[in-house]
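# A closer look at the structure
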Amino acid sequence: MIDKRQFKATSLFVILQHVIESELKDLEDYIDEISIDLTDKQKKLEDDISKANINIEDNSEFDYQSFFDEDINRYLIVFPVYTYNPLMLTIFGLFENWLKKLCDIDNRKGLNLIKVADLNGEGYIEKSRKYLKLVAEIDLGDEDNIWKEITKYRKIRNLISHNNSNIIKDSSKKIIQQEMFLIISKDDGIEFDLATGDFYIKDKEFLKLFIKTIKIYLKSIIDQLKIRKIVLKNSSYPLQDGFWIKQNTEEMLNKFTTLIDIIDKSEIKNNNNNQLDLNSKLEDSIDILSQNLTKQFAFFCNAKWEESDKNLIINNKELGLIDLKKIYNS
């Protein structure tokens with residue numbers, strides 16, 4: 001009979017990863033779809049202006065540019081502003097929500113009492129990073145460059161949301177002295193007005209690069225959070241040695257199966273009363289040892305123990321241990 005624990009529920013982290021990937025794919029498809037219409041209109045406008053330029057190049061008195069002013073403002077400024085800037089806020093809001101879910105799921109493991117809300121930081125993004133590093137104890141070192149990119153996007157998002165898409169936050173300083181001047185003015189995906197400090201996202205690739213960045217960052221977090229974790233520490237040996245104890249317990253179980261096999265094959269089993277009494281005591285001891293060792297092994301595999309587990313070892317010995325590892329590691 002196949003143990004149903006081999007088909008236990010998929011990790012919530014894995015489920016959330018699939019949800020994130022699916023939502024991001026839908027978002028990218030949506031960005032592509034709406035940008036096609038806008039790009040087509042911009043291309044038609046450029047073609048119309050070029051044709052007008054050719055047709056009236058001999059008439060320098062006619063200001064053909066003013067004829068297209070309304071369409072230029074509509075398709076090159078207004079429509080991109082109302083298309084890409086709000087999408088930036090949407091993407092960032094989803095990112096914050098996913099980080100919150102990841103941290104909440106990790107907290108429900110019960111390995112700590114600290115929640116993201118208990119930590120200091122500038123906004124939920126900063127707090128979640130602090131939680132993941134200090135509480136969940138995952139290594140984000142390899143993602144420092146990605147984190148710098150996310151910080152850049154966060155600042156751009158805040159300017160859009162809280163500063164009316166303008167980089168001037170300190171009116172006593174010139175525009176070129178504002179904190180985000182270099183980042184905003186040098187980004188090819190952003191249209192920037194040097195005179196006023198206003199900006200808007202003009203290219204879908206800016207948003208798609210942001211999506212790619214958060215996808216990499218979230219995947220790195222999920223890959224570490226979904227790993228089963230046993231934390232064991234004491235004041236004399238303050239290391240997380242759950243993995244070592246798991247290996248040690250497995251080795252003890254392996255030796256134990258060998259011992260059972262030796263007892264089964266020995267000539268100690270016969271029908272005289274003394275030997276029957278000894279056999280009974282041995283069986284009781286083997287039962288207790290098998291129960292305790294399998295319970296310990298289940299704990300360090302972060303698995304659920306059942307009464308039948310001890311019998312797998314007693315009855316099937318080494319093959320039972322192989323079956324038990326499949327159940328606990330599934």
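Residues numbered from 1 in each chain as written. Predicted model: local features only at pLDDT ≥ 70, side-chain atom pairs only at ≥ 80, totals over all residues. Heavy atoms only, no water.

### Details of the overall build of the chain
For the chain, the helix and strand inventory stands at 10 helices and two strands. When the helices and strands of the chain are listed from N to C terminus, the series reads α-α-α-α-α-α-β-β-α-α-α-α. Scored against the burial criterion, the 330 residues of the chain give a buried share of 36%. The long-range share in the chain, meaning contacts at least 24 apart out of those at least 6 apart in sequence, stands at 67%. In the structure as shown, the chain presents an accessible area of about 20100 Å², 52% of it carried by carbon and sulfur atoms. (Helix = DSSP H or I, 4+ residues; strand = E, 2+ residues; numbered from the N terminus. Buried < 20%, exposed > 50% of the residue type's maximum accessible area, 1.4 Å probe, protein only. Contact = heavy atoms within 4.5 Å. Areas by Shrake-Rupley, 256 points an atom, 1.4 Å probe, with all protein chains shown as cover.)

### Thoughts on the environment of Asp144
For Asp144, the position within the fold is in helix 5 (residues 144-162). Distance in space between the C-alpha atoms of Asp144 and Tyr217 is 9.8 Å, their sequence separation being 73 residues.

### A word on the pattern of salt bridges
Two side chains bearing opposite charge may form a pair once their charged atoms approach each other closely. Across all of its chains, the model carries 14 salt bridges by this definition. Where Lys202 meets Glu191, a salt bridge forms, and the shortest distance between an N and an O atom there is 3.4 Å. You can see Lys202 sitting in the loop between strand 2 (199-201) and helix 7 (204-225) and its partner Glu191 sitting in strand 1 (residues 190-192), a full 11 residues away along the chain. Across the pair Asp223 and Lys219 runs a salt bridge whose closest N-O atoms are separated by 2.8 Å. Of the two residues, Asp223 and Lys219 are both situated in helix 7; the distance of four residues between them amounts to about one turn of the helix. Exposure remark for Asp223: the relative accessible area of 27% places this residue in the partly exposed category. Lys219 sits in the partly exposed class, given a relative accessible area of 41%. Each of Asp32, Lys204 and Lys208 takes part in one network of salt bridges that share partners. (Salt bridge = Lys/Arg side-chain N within 4 Å of Asp/Glu carboxyl O.)

### Digging into the confidence of the model for the chain
On average, residues of the chain score 80 in pLDDT, and 76% of them reach the 70 mark or higher. Ranking the helices and strands of the chain by mean pLDDT puts helix 6 (residues 181-186) first, with 95, and helix 2 (residues 64-67) last, with 62. (pLDDT = per-residue confidence, 0-100.)

### Let's talk about the packing of aromatic side chains
Ring pairs (aromatic) are described by centroid distance and by the angle formed between their planes. Across all of its chains, the model carries eight aromatic pairs by this definition. Ring geometry for Tyr153 versus Phe206: centroids 5.5 Å apart, planes at 75 degrees, classification edge-to-face. Placement of the pair is Tyr153 in helix 5 and Phe206 in helix 7, with a sequence separation of 53 residues. Neither Tyr153 nor Phe206 differs from the other in exposure class; each is buried. Arranged with centres 5.7 Å apart and planes meeting at 55 degrees, the rings of Phe297 and Tyr328 form a pair that is tilted. In this pair, Phe297 is assigned in helix 9 (residues 273-300) and Tyr328 in helix 10 (residues 308-328), connecting sequence segments 31 residues apart. As far as burial versus exposure is concerned, Phe297 and Tyr328 are alike and both buried. Cluster of aromatic residues (ring-pair linked, three or more members): Phe92, Phe95, Trp147, Tyr153, Phe206, Phe210 and Tyr217. (Phe/Tyr/Trp six-rings, centres within 6.5 Å; stacked < 30°, edge-to-face > 60°.)

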